[in-house]
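Understanding the architecture of this molecule
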Amino acid sequence: MNIHDISRAPTDRSPEIQFDPDACSLSISGASFPEDGAAFYGPVLSTLDEILKALDQRCVTVRIALNYFNSSSAKALMNLFLMLDDAAQAGNQVIVNWFHAADDDTMKEFGEEFAEDVRFVRFNVIPTAVTS
Amino acid sequence: MMADTYHAFRNMLDEQGIIFSYCGYMSEKLVVGLGEAIKQKMELDAADTNTTKRVFSIFIEQVQNIIRYSADRATGAEENRGQLSNGVITIGRDQQGRFFVAGANMVQATEVPKLRQRLDHINSLDHDSLKAYYKERLRNAPDADSKGASIGLIEIARRAAGPIQYDVKPVSNDMAFFCLKAFV
């Protein structure tokens, strides 16, 4: 399987996903309310799961900069963070940087809640300048 | 005559405080365009960013619920260009200026008790219990779009101020008209 398959160009309703296998860095940004959440995230997460399981003592950096996501995307994000937490428990150093517009209470709250759900990942919730 | 009819229709919506309405077949393609128009209008009206986002979020969950669960749907649509389901979605403001999102669609009469139970349960939860329930559903629902997973309804409850209002009207032996309204 080609690991580059994880990257996705952004659309009106689905986020840009960038994955750099050498640096072990993942970025998900934009808006996320795909027509079919399972169809969009399913292949990304299953490929990522294989990649994460093969890592040994690596440093993984994840950037999340979403301005909106719907409930089926929230389900996918939860799965992603649980997967990352397993990778961190297995001995990798995993950092998640969750960016939210400083005036966006919902995205801030989501970040804080996901941070509570991981035990081994270093999860940072970071406000950014307001753009809209 | 024609203008009378549509003017009366328009006035009826105005009386309810409805500023946006769509009634008919909905597809996922429609979601993006309608959502964009709503955000644009609210931004022009200088609504607070968080209010705009909450309205948008409830709108998306309601429309996607209608598309997925409406019992009145165009048959044969799924194979080629995605689901096409009949329903009503409206956005309005009440006399206190509070925004609301209200939607309606046909459901199988047999689904009604489950829906009521789910909504009554969600409405019985306080802020922290709702958050815990949401997380539990996120962790345990089998997949992102699992039918019956009430994540979309919990999401609506979490973005709403006060309980989700709903009403059901039986329209035949096996069908009911289901309405749901959430204030922001």
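Since we're looking at a predicted model, the values are computed, not measured.

Here we take up the UniProt feature "domain: SiaC family regulatory phosphoprotein" (unreviewed entry) in chain A. According to UniProt, the feature "domain: SiaC family regulatory phosphoprotein" (unreviewed entry) maps to residues 10–127 of chain A in the numbering used here. Annotated as residues 10–127 of chain A, this span is 42% helix and 33% strand, and its ends, taken at the C-alpha atoms, are 22 Å apart.

As a further point, take the sheet that holds strand β5 (residues 122–128) of chain A. All names here are of chain A. One open sheet accounts for five strands, arranged β1-β2-β3-β4-β5; its pairing is mixed. The sheet is open, and its two edges are formed by β1 (16–20) and β5, each paired on a single side. Adjacent strand axes in the sheet meet at a mean angle of 15°, parallel and antiparallel pairs treated alike.

Next up on the list: the packing of helix α3 (residues 49–69) of chain B against helix α7 (residues 151–159) of chain B. Residue and element names in this part refer to chain B. The geometry of α3 relative to α7 is characterised by a closest axis approach of 9 Å and an angle of 160° between their N-to-C directions. By the angle class used here, α3 and α7 are roughly antiparallel. Remark: the crossing between α3 and α7 carries left-handed chirality. Of the residues in α7, those touching α3 at R54, S57, I58, E61, Q62 and N65 are G152, L153, E155, I156 and R159.

This next bit is on the interface of chain B and chain A. On the chain A side, the residues contacting the 30 residues of chain B number 27 residues. Taking both sides of the interface into account, the surface hidden between chain B and chain A amounts to around 2600 Å²; carbon and sulfur atoms contribute 47%. For the pair chain B and chain A, the interface holds nine salt bridges. Of the charged contacts, one joins R13 of chain A and E28 of chain B as a salt bridge, the two residues approaching to 2.4 Å between their closest N and O atoms. At the junction of chain B and chain A, the tally comes to 17 residue pairs in polar contact (both at pLDDT 80 or more). Of all the elements in the fold, those that place two or more residues in the side of chain B that touches chain A are α2 (28–44), α3, α6 (127–140) and α7 of chain B. In terms of residue count, the dominant contributor to the side of chain B that touches chain A is α3 of chain B (ten residues). Taken together, the residues of the side of chain B that touches chain A break down into nine nonpolar, six polar and 15 charged.

Here we take up the nonpolar core. If you look at the biggest cluster of nonpolar residues, it comprises 83 residues, and the most contacted ones within it are I64, L80, F81, L84 and F114 of chain A together with F59 of chain B. When residues of this core are assigned to their parent elements, the largest contribution, ten residues, is made by helix α2 (residues 71–89) of chain A. Every residue in contact with L80 of chain A, bar those within four places of it in the chain, is listed here: L26, I28, L45, L48 and I64 of chain A. Within the second largest apolar cluster, five residues are counted, among which are L13, I18, F100 and F183 of chain B.

It is worth spelling out α2 of chain B at this point. Residue and element names in this part refer to chain B. The end-to-end C-alpha distance of α2, which contains 17 residues, comes to 25 Å, matching closely the 24 Å that a straight helix rising 1.5 Å per residue would cover. For α2, the set of buried residues is E28, V31, V32, L34, G35, I38 and M42. Along its buried surface, α2 packs onto β1 (18–26), α3, β2 (85–93) and β3 (99–108). Just past α2, the residue A46 takes up positive phi, approximately 60°.

Right, let's talk about the pattern of salt bridges for a bit. Taken as a whole and assessed by the stated rule, the structure comprises 16 salt bridges over all chains. Here D94 of chain B makes a salt bridge to R98 of chain B, at a shortest N to O gap of 3.0 Å. The class of D94 of chain B is buried, set by a relative accessible area of 17%. Judged by its relative accessible area of 37%, R98 of chain B falls in the partly exposed class. It is possible to trace a salt-bridge network through shared partners that takes in E116 and D117 of chain A together with K131, K135 and R139 of chain B.

This structure, assessed with the given rule, holds 16 aromatic pairs over all chains. Between F69 of chain A and F110 of chain A, the ring centres sit 4.5 Å apart and the planes meet at 50°, which makes this aromatic pair tilted. Separated by 41 residues along the polypeptide, F69 of chain A in strand β3 (residues 59–69) and F110 of chain A in helix α3 (residues 105–117) bring together distant segments of the chain. A relative accessible area of 1% means that F69 of chain A is categorised as buried. Across the ring face of F183 of chain B, the terminal group of R98 of chain B is positioned such that the distance to the ring centre comes to 4.2 Å. A cation sits over an aromatic face here: K181 of chain B above F100 of chain B, 4.3 Å from the ring centre.

What counts, and where the lines are drawn
- Residues numbered from 1 in each chain as written.
- Chains lettered and ligands numbered in written order.
- Predicted model: local features only at pLDDT ≥ 70, side-chain atom pairs only at ≥ 80, totals over all residues.
- Heavy atoms only, no water.
- UniProt positions renumbered as here; feature names shortened; annotations may be inferred.
- Helix = DSSP H or I, 4+ residues; strand = E, 2+ residues; numbered from the N terminus.
- Pairing = 2+ DSSP bridges.
- Axes fitted to C-alpha atoms, helices over the stretch in contact; angles between N-to-C directions.
- Parallel < 35°, antiparallel > 145°, perpendicular 65-115°, else oblique.
- Left-handed = near helix turned anticlockwise from the far one by under 90°.
- Contact = heavy atoms within 4.5 Å.
- Buried area = accessible area lost by both parts, 1.4 Å probe.
- Salt bridge = Lys/Arg side-chain N within 4 Å of Asp/Glu carboxyl O.
- Polar contact = N/O pair within 3.5 Å; in protein donor to acceptor, adjacent residues only side chain to side chain.
- Nonpolar A, V, L, I, M, F, W, Y, C, P; charged D, E, K, R; others polar.
- Core = buried A, V, L, I, M, F, W, Y, C linked by side-chain atoms within 4.5 Å.
- Buried < 20%, exposed > 50% of the residue type's maximum accessible area, 1.4 Å probe, protein only.
- Expected span 1.5 Å × (residues − 1).
- Phe/Tyr/Trp six-rings, centres within 6.5 Å; stacked < 30°, edge-to-face > 60°.
- Lys NZ or Arg CZ within 6 Å of the ring centre and 35° of its normal.

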